[in-house]
Amino acid sequence: MTITTIQRTRLAYDLITQVFGPERNFASEYPLIFDPSFQGSLIGLEEADEVVSACAILPRDLVLNGWLMRIGMIGTVATADEHRGKGYAGQLLREAEKNLFCEGAVLSILWADDAAFYEKKGYIPIGCEVDYALSVTDSGKLPTSEGVRWMETRDHAAMHALYVRHSHRVDRTLAETSTLLHGPEIAGLVHEENGEVVSYALMGRGQDLQGVVHEWAGSSKNVLACLRAYLDNLSEGSDSIFLMCPVTAVDLRKDLLELEIPAIEGVLAMARVLDMQGMAKIYQRFGDPRLRTATDEEALRLTGPKGSIVLDRRQALLGTCPPQGKRSLLEVIEKETGIRFDGMPLSPFIWGLDSI
Ligand SMILES: CC(C)(COP(=O)(O)OP(=O)(O)OC[C@H]1O[C@@H](n2cnc3c(N)ncnc32)[C@H](O)[C@@H]1OP(=O)(O)O)[C@@H](O)C(=O)NCCC(=O)NCCS
């Protein structure tokens, strides 16, 4: 049996639709994949002219405090019912990762409905996301929603200008932001002051993230005004919303703490290292100049004045982007090598509009 890899075909799209159900309109939910003017594509495994397993890939640059790190996202992994359990999804993931590596991605990142499947394929939880549940009873604590209105297409440029002020985000062009904002079932609010959009918030996206405010920008007070508008306009049957926050959103987090709205700390996504040399460059950038690195495909050796430590792919990732920002492995690395890594761990963040 010969398995071939195909990219961007109707058959791969049909398989994904068949597995996830016709009610999902992936083409409109994920325009950066399905609109050929953007960078994403589909990967499929073909057996006897039939696509048996398929997924989407999208290379992106993460902005981390002015510094760029190329990553690759993987989404909508699907194997046809009758072909499951034959190792196809595993093979497909490796193909997707090879493609993303060729695009310069240091890591592949995905969001798993079932983490156990991806753990078997070498993925681990990374990064931090802070979530808040706000209920209608919190509305009165928030600033008044005067000046808040539904977003319109004419607001996209102002919203993009607010988005790019985030220190931790995916690098996006205005065209990409605008295309994503046209996605299905996004309830977008903007807050206008003296004719200028000063903040915005987005809730819901296709079938995902319903009731979740997954992207926002602007000053904390103005974002809270948008949250109040969501709470005051909840549809019948729902009495709360969720808010997603990067750990770096210090002002908003502080205000929510003062409002006694508890934070729920979670992880950002699951990831796997694709490029050990790329990882070495990250350690090199944040370590002091005495650090020496050596890599092969599976190992990264860090050497400093005190000694050496060898990290495998998983450990290399746990040192740079650990789940919930925990510094424990980094402290071991610092102790063994005698090198300090100020500015690490990194705090990657991917806003809801960017996920696939
Ligand atoms: C998940 C899915 C893509 C797996 O496809 P597949 O081609 O059968 O996967 P593989 O044959 O490569 O791998 C199967 C392996 O993963 C394990 N596995 C499969 N689904 C699993 C799950 N939900 N949790 C834990 N392990 C799982 C199997 O036991 C098997 O393990 P083994 O390799 O040790 O024998 C397929 O079941 C599917 O299309 N599901 C519906 C869509 C979906 O949920 N996609 C993931 C979205 S995040």
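Just above, that's the structure.
Residues numbered from 1 in each chain as written. Predicted model: local features only at pLDDT ≥ 70, side-chain atom pairs only at ≥ 80, totals over all residues. Heavy atoms only, no water.

*Asks:* Break down the sheet that holds strand S11 (residues 196-205) for me, citing the residues and quoting the values.
*Replies:* With respect to topology, 7 strands assemble into an open sheet ordered S8-S10-S11-S12-S13-S7-S14, the strand pairing being mixed. A strand with exactly one partner marks an edge of an open sheet, and here the two such strands are strand S8 (148-150) and strand S14 (263-266). Across the sheet, the axes of successive neighbouring strands diverge by a mean angle of 30°, strand direction being ignored. The pairing of strand S12 (residues 208-218) with strand S13 (residues 240-245) spans 2 bridges and is parallel. Opposite Val-212, over in S13, you have Phe-242 as the bridge partner. The strands touched by helix H6 (residues 156-163) within the sheet are strand S10 (187-193), S11 and S12, with S11 carrying the most contacts at an inclination of about 90°. (Pairing = 2+ DSSP bridges. Helix = DSSP H or I, 4+ residues; strand = E, 2+ residues; numbered from the N terminus. Axes fitted to C-alpha atoms, helices over the stretch in contact; angles between N-to-C directions. Contact = heavy atoms within 4.5 Å.)

*Asks:* For helix H10 (residues 276-286), give the residues involved together with the corresponding values.
*Replies:* Among all positions in H10, only Met-276, Gly-278, Met-279, Ala-280, Ile-282, Tyr-283 and Phe-286 are buried. Where H10 starts, the residue carrying a side-chain oxygen 3.0 Å from the main-chain nitrogen of Gln-277 turns out to be Asp-275. (Buried < 20%, exposed > 50% of the residue type's maximum accessible area, 1.4 Å probe, protein only. Polar contact = N/O pair within 3.5 Å; in protein donor to acceptor, adjacent residues only side chain to side chain.)

*Asks:* An account of the environment of Gly-352 is needed here, citing residue identities and associated values.
*Replies:* Take Gly-352: it is sitting in the segment after helix H12 (328-337). Take Gly-352: its relative accessible area is 4%, and that puts it in the buried class. Separated by 54 residues in the primary sequence, Gly-352 and Glu-298 have C-alpha atoms spaced 32 Å apart. Residues within four places of Gly-352 in sequence aside, it is in contact with Arg-205, Leu-209, His-214 and Met-244.

*Asks:* Describe the sheet that holds strand S16 (residues 292-295), and please don't skip the residues or the numbers.
*Replies:* Reading across the sheet, the 3 strands line up as S16-S17-S18 and stay open at both edges, with antiparallel pairing between neighbours. At either end of the open sheet lies a strand with only one pairing partner, and these are S16 and strand S18 (307-312). Across the sheet, the axes of successive neighbouring strands diverge by a mean angle of 20°, strand direction being ignored. Where S16 and strand S17 (residues 299-304) come together, 4 bridges link them in antiparallel fashion. Bridge assignment links Ala-294 to a residue of S17, and that residue is Arg-301. Relative to the sheet, H10 contacts S16, S17 and S18, its axis offset from that of S17 by approximately 25°. Across the sheet, helix H11 (residues 313-320) lies against S17 and S18, angled at about 110° from S18, the strand it touches most.

*Asks:* Could you give an account of the packing of H10 against H11, naming the residues involved and the relevant values?
*Replies:* It is the contact of H10 with H11, at a shortest axis distance of 11 Å, that shows an interaxial angle of 30°. Judged on the interaxial angle alone, H11 and H10 are roughly parallel. For the pair H10 and H11, the sense of crossing is left-handed. Mapping the contact onto sequence places Met-276, Met-279, Ile-282 and Tyr-283 in H10 and Arg-313, Gln-315, Ala-316, Leu-317, Gly-319 and Thr-320 in H11. Taken together, the residues of the contact of H10 with H11 sort by class into 6 nonpolar, 3 polar and 1 charged. (Parallel < 35°, antiparallel > 145°, perpendicular 65-115°, else oblique. Left-handed = near helix turned anticlockwise from the far one by under 90°. Nonpolar A, V, L, I, M, F, W, Y, C, P; charged D, E, K, R; others polar.)

*Asks:* Requested: an account of unusual backbone geometry, with residues and values cited.
*Replies:* For the peptide bond that leads from Met-344 to Pro-345, omega is 0°, which places it in the cis range. Structurally, Pro-345 is set in the segment after H12. Of note, Ala-48 is a non-glycine position whose phi angle comes to about 50°, a positive value. Phi is positive for Asn-194, which is not a glycine, with a value near 50°. For Asn-194, the position within the fold is in the loop between S10 and S11.

*Asks:* I'd like a description of the packing of aromatic side chains, backed by residues and values.
*Replies:* Using the criterion set out here, one finds 9 aromatic pairs in the structure. Ring geometry for Phe-26 against Tyr-30: centres 5.8 Å apart, planes inclined by 20°, an arrangement best described as stacked. The interplanar angle of 90° and the centroid separation of 5.1 Å between the aromatic rings of Trp-216 and Trp-351 together place this pair among those described as edge-to-face. Here the residue Trp-216 occupies a position in strand S12, and Trp-351 occupies one in the segment after H12, the gap between them amounting to 135 residues. Aromatic ring contacts, followed pair by pair, group Phe-20, Phe-26 and Tyr-30 into a single cluster. The cationic tip of Arg-172 hangs over the ring face of Tyr-163; the distance from NZ or CZ to the ring centre is 3.8 Å. A cation over a ring is seen here: Arg-285 above Phe-286, with NZ or CZ 5.3 Å from the ring centre. (Phe/Tyr/Trp six-rings, centres within 6.5 Å; stacked < 30°, edge-to-face > 60°. Lys NZ or Arg CZ within 6 Å of the ring centre and 35° of its normal.)

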